[in-house]
Amino acid sequence: IEYTADVVVIGGGGAGLSAAVTAHENGANVIVLEKMPRLGGNTILSGGAFNAVNPERQERQGIEDSTEKHYTQTYEGGDEAGNPELVRTFVEGAPTALQWLESLGMEFNDDVFTVLGGMWPRANKPSTPLGTGFIDTYVNYIEANDGIEVLLDTEAVELIMDGDRVVGVNAKSFDDTVIVNANNGVIVATGGFGANPEMREEYNEVWADLLSLKTTNHPGATGDGIVMGIDVNASLVGMEHIQLLPMGDPISGSLSGNIEQGVENRIFVNKAGNRFVDEGARRDVMTQALIEQEDAFMWVIVDSHSYPTEDTKNNFNESIAELMEQDRAYKGDTLEALAEQIGVNSDNLIKAVEAFNDSVEAGNADAFGRTLFDEKLDSPPYYAGARVPTVHHTMGGLEINTKGQVVDTNGNVIPGLYAAGEVTGGIHGTNRLGGNALAEITVFGRIAGESAANAQ
Ligand code: ADP
């Protein structure tokens, strides 16, 4: 089977679909190739947090913020290893990308919050669960407009070249060969390689052991776009920077079941019932600290500020009642009762909570350097949920410029080739802030879509 479109997008997650919609808004007809039987990728599994400076929401909550602060936190939070120009493009584009999503009908809650490892309350939270709001918004647009065709179960295998120019994609759908010609350009938006243990191991230089870890990722996050890029001499950046979270479900590795509702209102304790890290720290810092605890295992402790009722849901649309029924969360009317439920030393747990509450009252950095506080943990019932390290995000990937064009190993743009989303590298440096991914993939998806649509 052979198809032709102005713009061909490989990957139907948040980056690919924002690129497809934007290319269409710029007058292109578009074909999206998605290897899985459904759209959404890792985007739809995420907690949905979208970091963007939003004065309207933040001022109402008394939160001071600026794109400069977002820039500094992102750049320094990645140890200054990101490309400053790309970081700048990202933070400046995030508020506009948010407005664009809202103009397409996507709804967000009135309040922003701090997501784990996000360092600051600037995460806009979709009104619908997980990342469904993003994907539903794009699907609604695609259904309401002619000119974007989605081919599911269609896996891109290689880029088609004409001289030094990318002119299409060879793909396969079950036993069929699919050739897709691109008049203007191809956008690679295949996501990361968190679900590819061999590839993780090949590039990992930072973590002691990645092979045995589980991942939050969907099974299609295998780094295909990076492999296709290497074949056309694309430059790779930051491949060794792989993000782990301390927030994996002990059985599946997924994010689901996580009982935290925001950074300010929970602590982590190890199997002895002791705190061990600043729970507002960077993701790499928290995960390294967790790896050093007994069995690399911890409990997240919250109280009824996080769950006023047992029907209250977490960020993954699961109620605390449901999680308790599945033995993924435990409840105690006192800290002692909770300690008994989860088998930690109750004196330690009580002391940990008391010390935490003292810090909340004082408002100063605590013994672990934590500065993000809100309510004390003093309102029963108390809840605990178990978490382990899990592979979450791959910061490295294809090198792009601020127009979303892919750059080759000689520093030249590869004509006809664009990329956006987790498949790219060079933005988050060594460590991506929580809540930055969905915003970044949308910003650069839009840029790639616009560039490809307007290419000659
Ligand atoms: P991002 O956040 O960058 O959009 P996602 O993981 O959300 O990343 O989406 C990437 C999408 O690309 C997934 O739906 C994945 O199944 C798809 N994908 C990955 N490799 C291929 C491929 N070779 N051909 C087609 N689609 C692919």
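What you see is a predicted model; the values in this text were computed from it and never measured.

Details of the overall build of the chain
Now for step 1: A count of helices and strands for the chain gives 13 helices and 18 strands.
Now for step 2: For the chain, whose C-alpha radius of gyration is 22 Å, the value lies close to the compact-globule estimate of 23 Å for 456 residues.
Now for step 3: Its C-alpha atoms put the chain at 70 × 45 × 40 Å along the principal axes.
Now for step 4: Expressed as a percentage of its 456 residues, the buried residues of the chain come to 61%.
Now for step 5: Considering only contacts within the chain whose residues lie at least 6 apart along the sequence, 74% involve residues at least 24 apart.
Now for step 6: On the chain, roughly 17,300 Å² of surface is accessible, and the fraction owed to carbon and sulfur atoms is 45%.
Now for step 7: For the chain, the distance from the average site of its 27 positive side-chain charges to the average site of its 69 negative ones is 3 Å.

Some points on the packing of helix H1 (residues 14–25) against helix H6 (residues 132–144)
Now for step 1: Between H1 and H6, the shortest axis-to-axis distance is 10 Å and the interhelical angle comes to 30°. Relative to H6, the crossing made by H1 is left-handed. Taking contact as the criterion, the partners of Gly14, Leu17, Ser18, Val21, His24 and Glu25 in H1 are, on H6, Ile135, Tyr138, Tyr141 and Ile142.
Now for step 2: A breakdown of the residues in the contact of H1 with H6 according to their chemical character gives six nonpolar, three polar and one charged.

A few points about the packing of H1 against helix H13 (residues 436–453)
Now for step 1: Where H1 meets H13, the closest approach of the two axes is 7 Å, and the angle between their N-to-C directions is 40°. Put simply, H1 runs oblique to H13. Seen from above, H1 lies across H13 with right-handed handedness. For the pair H1 and H13, the contacting residues are Gly14, Ala15, Ser18, Ala19, Thr22 and Ala23 in the first and Ile441, Thr442, Gly445, Arg446, Gly449, Glu450 and Ala453 in the second.
Now for step 2: Its residues assigned to classes, the contact of H1 with H13 shows five nonpolar, six polar and two charged.

Quick look at the sheet that holds strand E3 (residues 50–51)
Picture the strands of a sheet paired through backbone hydrogen bonds; they go either parallel or antiparallel.
Now for step 1: Reading across from one edge, E3-E5-E4 is the order of the three strands in this open sheet, with antiparallel pairing throughout. Sheet topology places E3 and strand E4 (108–113) at the edges, where each strand pairs with a single neighbour.
Now for step 2: When E3 meets strand E5 (residues 123–126), the two strands line up antiparallel, connected through two bridges. Along E5, the bridge assignment pairs Phe50 with Asn124.

So, the pattern of salt bridges
Pairs can form between side chains of opposite charge once their charged atoms are near each other.
Now for step 1: A complete count under the given rule lists 17 salt bridges for this structure.
Now for step 2: We note a salt bridge from Glu279 to Arg370, for which the minimum N-O separation is 2.9 Å. Remark: Arg370 occurs in the loop between helix H12 (346–362) and strand E15 (382–394) and Glu279 occurs in the loop between strand E12 (267–269) and helix H9 (283–291); sequence separation between them is 91 residues. For the residue pair Glu279 and Arg370, the accessibility class agrees, reading buried in each case.
Now for step 3: Linked by salt bridges that have partners in common, Asp249, Glu318, Arg328 and Arg387 make up one network.

A short note on the site of the ligand
Now for step 1: Among the 27 residues in the neighbourhood of the ligand, the closest are listed as Ala15, Glu34, Thr43, Asp224 and Glu422.
Now for step 2: Measuring from an oxygen atom of the ligand, one finds a side-chain N or O atom of Glu34 at 2.6 Å.
Now for step 3: Within the backbone of Ala156, an N or O atom sits 2.9 Å from a nitrogen atom of the ligand.
Now for step 4: Here the ligand has 580 Å² of accessible area as a free molecule, and 98% of this is covered by the chains.
Now for step 5: Looking at the shell around the ligand, the elements that each hand over two or more residues are H1, helix H2 (41–45), strand E7 (155–162) and helix H8 (224–231).
Now for step 6: With three residues, H2 is the single largest residue contributor to the shell around the ligand.

As for the environment of Ile31
Now for step 1: Relative to the helices and strands, Ile31 resides in strand E2 (residues 30–33).
Now for step 2: Spatially, the C-alpha atom of Ile31 lies 4.8 Å from that of Glu149, the residues being 118 residues apart in sequence.
Now for step 3: Setting aside its immediate chain neighbours within four residues, Ile31 contacts Tyr3, Thr4, Ala5, Val7, Val8, Val9, Glu149, Leu151 and Val180.

Regarding the domain arrangement of the chain
Now for step 1: Taken as a whole, the chain is organised into domain 1 (2–193 + 395–453) and domain 2 (245–391).
Now for step 2: Domain 1 and domain 2 are separated by 32 Å when their C-alpha centres are compared.
Now for step 3: Residue-level contacts link 20 residues of domain 1 with 21 residues of domain 2.
Now for step 4: Interface area for domain 1 against domain 2, summed over the two sides, is near 1,400 Å², with a carbon-plus-sulfur share of 56%.
Now for step 5: Here Asp79 ties to Arg282 by a salt bridge, and the two come within 3.0 Å at their closest N and O atoms.

Observations concerning the nonpolar core
Now for step 1: Of all hydrophobic cores here, the largest spans 86 residues; its most connected members are Val30, Leu33, Phe50, Leu159, Val186, Leu417 and Phe444.
Now for step 2: In this structure, Phe268, Phe276, Ala281 and Tyr383 belong to the second largest nonpolar core, which totals 22 residues.

Remarks on the pairing of E5
Now for step 1: Bridge count between E4 and E5: three bridges; the pairing is antiparallel. Considered in E5, the bridge of Phe108 is made with Pro126.

As for the side chain of Gln243
Now for step 1: With respect to the secondary-structure elements, Gln243 resides in strand E11 (residues 242–248).
Now for step 2: Here Gln243 falls in the buried class, since its relative accessible area comes to 2%.
Now for step 3: Of note is the side chain of Gln243, whose polar atom sits 2.8 Å from the backbone oxygen of Arg432.
Now for step 4: Ignoring anything within four residues of it in the chain, the contact list for Gln243 reads Arg283, Thr390, Val391, His392, His393, Met395, Asn431 and Arg432.

So, the packing of aromatic side chains
Now for step 1: A full pass over the atoms with the stated rule returns ten aromatic pairs.
Now for step 2: Centre to centre, the rings of Trp100 and Tyr138 are 6.1 Å apart; their planes meet at 35°, and the pair counts as tilted. One end of the pair, Trp100, is in helix H5 (residues 84–103); the other, Tyr138, is in helix H6, and 38 residues separate them in sequence.
Now for step 3: The exposure class assigned to Trp100 is buried, which follows from its relative accessible area of 7%.
Now for step 4: A residue is classified by how much of its surface remains accessible, and Tyr138, at 0% relative accessible area, is buried.
Now for step 5: Ring centres of Phe108 and Phe134 lie 6.4 Å apart, and the angle between their planes is 75°; on these two criteria the pair is classed as edge-to-face. One end of the pair, Phe108, is in strand E4; the other, Phe134, is in helix H6, and 26 residues separate them in sequence.
Now for step 6: Residue class for Phe108 comes out buried when judged on its relative accessible area of 8%.

About the thresholds
- Residues numbered from 1 in each chain as written.
- Predicted model: local features only at pLDDT ≥ 70, side-chain atom pairs only at ≥ 80, totals over all residues.
- Heavy atoms only, no water.
- Helix = DSSP H or I, 4+ residues; strand = E, 2+ residues; numbered from the N terminus.
- Rg over C-alpha atoms; globule rule 2.2 N^0.38 Å.
- Buried < 20%, exposed > 50% of the residue type's maximum accessible area, 1.4 Å probe, protein only.
- Contact = heavy atoms within 4.5 Å.
- Areas by Shrake-Rupley, 256 points an atom, 1.4 Å probe, with all protein chains shown as cover.
- Lys, Arg positive; Asp, Glu negative; His and termini not counted.
- Charge placed at Lys NZ, Arg CZ, Asp CG, Glu CD.
- Axes fitted to C-alpha atoms, helices over the stretch in contact; angles between N-to-C directions.
- Left-handed = near helix turned anticlockwise from the far one by under 90°.
- Nonpolar A, V, L, I, M, F, W, Y, C, P; charged D, E, K, R; others polar.
- Parallel < 35°, antiparallel > 145°, perpendicular 65-115°, else oblique.
- Pairing = 2+ DSSP bridges.
- Salt bridge = Lys/Arg side-chain N within 4 Å of Asp/Glu carboxyl O.
- Near = heavy atom within 4 Å.
- Polar contact = N/O pair within 3.5 Å; in protein donor to acceptor, adjacent residues only side chain to side chain.
- Domains from an automatic or database assignment.
- Buried area = accessible area lost by both parts, 1.4 Å probe.
- Core = buried A, V, L, I, M, F, W, Y, C linked by side-chain atoms within 4.5 Å.
- Phe/Tyr/Trp six-rings, centres within 6.5 Å; stacked < 30°, edge-to-face > 60°.

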